[in-house]
Structure formats: C-alpha cells, structure tokens
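Tertiary structure, described
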Amino acid sequence: MKVIRLRRPSEHHVSFDFLTVKDIEGLVFTAKKNLIHLHIDHKKRGIMHFSTHQGSIDDVELLDARWKQFQTNEAIFFDLAWFEPIMK
C-alpha cells in the first residue's frame with residue numbers, strides 16, 4: 001500500500017499522518033512568494049492545505065516529477081513531512 005507522510009497539526013509536539021494514495025483524489029504543488037504550497041484533495045478529509053518556508057517554481061517542478069514517478073514505481077513511501085499544515 002502506497003502512503004505519503006505529512007505533518008499533523010499540533011501545538012505542542014511534532015507528529016505525523018500517513019495517508020494512503022488510493023484515498024487521494026488530487027495533489028497539487030504551487031509556488032507563491034518563495035513559499036511552496038501543497039493542496040491535497042482527500043476522499044475522507046476533504047481539501048487539506050500545507051506550506052513550506054522556502055521554494056521556487058523549480059522546486060515545484062521537481063516535486064511534481066517525483067510525485068508522478070512515485071505513482072508508477074514500486075516505492076511505497078513518499079515523504080512530505082517538511083510541509084506544515086495551514087489551518088483554515
């Protein structure tokens with residue numbers, strides 16, 4: 001089973017969520033003002049938003065390429081834990 005690892009919202013400590021790829025309907029990376037944003041459309045949790053402190057359009061292209069490769073190769077784990085949840 002393929003999974004991605006994400007940081008879980010928490011005020012007191014760092015913890016992680018593992019989401020199965022089969023429950024992800026869409027995953028999009030965007031760059032704005034030197035930040036990379038991650039938007040995940042999850043079947044059960046709805047749309048989830050994350051960001052990281054620095055990045056560029058080149059980083060977004062690299063992440064897109066890694067995500068596409070992950071979906072077609074034999075790897076089972078995709079780490080996105082450096083992205084922090086955005087509370088909306």
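Up top is the structure.
Residues numbered from 1 in each chain as written. Predicted model: local features only at pLDDT ≥ 70, side-chain atom pairs only at ≥ 80, totals over all residues. Heavy atoms only, no water.

**Side note on the environment of Ile4**
With respect to the helices, strands and loops of the structure, Ile4 is situated in strand E1 (residues 3-8). Given the relative accessible area of 0%, Ile4 is considered buried. Sequence spacing of Ile4 and Ile76 is 72 residues, and the spatial spacing of their C-alpha atoms is 8.3 Å. In this view, Ile4 contacts Asp17, Phe18, Leu19, Val21, Ile24, Leu27, Ile40, Trp67, Phe70, Phe78 and Leu80; residues no more than four positions away in its chain are not counted. (Helix = DSSP H or I, 4+ residues; strand = E, 2+ residues; numbered from the N terminus. Buried < 20%, exposed > 50% of the residue type's maximum accessible area, 1.4 Å probe, protein only. Contact = heavy atoms within 4.5 Å.)

**Looking at the pairing of strand E3 (residues 24-32)**
Pairing of E3 with strand E4 (residues 35-42) involves 8 bridges; the strand directions are antiparallel. Each bridged residue has a counterpart across the sheet, and for Leu27 the counterpart in E4 is Ile40. Turn length for the E3-E4 hairpin, with the two strands adjacent in sequence and antiparallel, is 2 residues, and the turn residue Lys33 shows positive phi of about 50°. (Pairing = 2+ DSSP bridges.)

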